[in-house]
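Descriptive structure summary
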Amino acid sequence: MRHILAAILMSLALALPAKANEDIEKVISNQIDAFLADDFETAFTYASPMIKDIFGTPEKFGQMVRQGYPMVWRPSEVNFLSIDRRGKELWQNVMVRDAEGALYILEYQMVPGGTGWLINAVRVRKATEGTA
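Residues numbered from 1 in each chain as written. Predicted model: local features only at pLDDT ≥ 70, side-chain atom pairs only at ≥ 80, totals over all residues. Heavy atoms only, no water.

**Let's talk about the overall build of the protein chain**
- What the protein chain contains, in helices and strands, is five helices and four strands.
- Counted from the first residue to the last, the protein chain has its helices and strands arranged as α-α-α-α-α-β-β-β-β.
- Looking at the protein chain as a whole, 33% of its 132 residues qualify as buried.
- Sequence-distant contacts in the protein chain: of pairs separated by 6 or more residues, those separated by 24 or more amount to 40%.
- With an accessible surface of roughly 8200 Å², the protein chain has 57% of that area assigned to carbon and sulfur atoms. (Helix = DSSP H or I, 4+ residues; strand = E, 2+ residues; numbered from the N terminus. Buried < 20%, exposed > 50% of the residue type's maximum accessible area, 1.4 Å probe, protein only. Contact = heavy atoms within 4.5 Å. Areas by Shrake-Rupley, 256 points an atom, 1.4 Å probe, with all protein chains shown as cover.)

**Concerning the side chain of Asn120**
- Here Asn120 is to be found in strand β4 (residues 117-126).
- At 2.6 Å, the side chain of Asn120 and the side chain of Ser48 are in polar contact.
- Excluding residues that lie within four positions of it along the chain, Asn120 makes contacts with Ser48, Met50, Ile51, Gln109 and Val111. (Polar contact = N/O pair within 3.5 Å; in protein donor to acceptor, adjacent residues only side chain to side chain.)

**Points about the pairing of strand β2 (residues 89-97)**
- Most of β2 sits inside the fold, with seven of its nine residues counted as buried.
- Two elements, strand β1 (residues 77-86) and β2, share eight bridges in a ladder whose sense is antiparallel. Residue pairing in the sheet places Ile83 in a bridge with Gln92 of β2.
- What sits between the antiparallel neighbours β1 and β2 is a turn of two residues, in which Gly87 has the positive phi angle 65 degrees.
- Of the strand pairs in this sheet, β2 and strand β3 (residues 103-112) are connected by eight bridges, and their pairing is antiparallel. Across the sheet, residue Leu90 finds its bridge partner in β3, namely Met110.
- Hairpin remark: β2 followed by β3, antiparallel, with five residues in the connecting loop; positive phi at Gly101, about 95 degrees. (Pairing = 2+ DSSP bridges.)

Pasting the structure below:
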């Protein structure tokens, strides 16, 4: 009986991270879909309170993304990679291809919000040769 209970608890413990992964991927995908539709109001809803405080309005946020993150605003391909824990921080790695065909690795810092995961930061690095 003890082994069955332990197996059930282990299954539940392993299922929670998978659900979190799905939820995080959905948040990032939804934000990218909003960018593709130039719906910066919806895209802004996936930003953390810190990001909202920095930019203030969806319009300013959208302008920053268009100018500073064109590979996020108009990706031609998106592939989810690993999630990394760095201390207390959670980072989702995403490989994107921009409109010109260049590959990038985006590191999304995710934070829990009142209704789910929110995007707190995005770091961009150019993918190295042989990444794809």
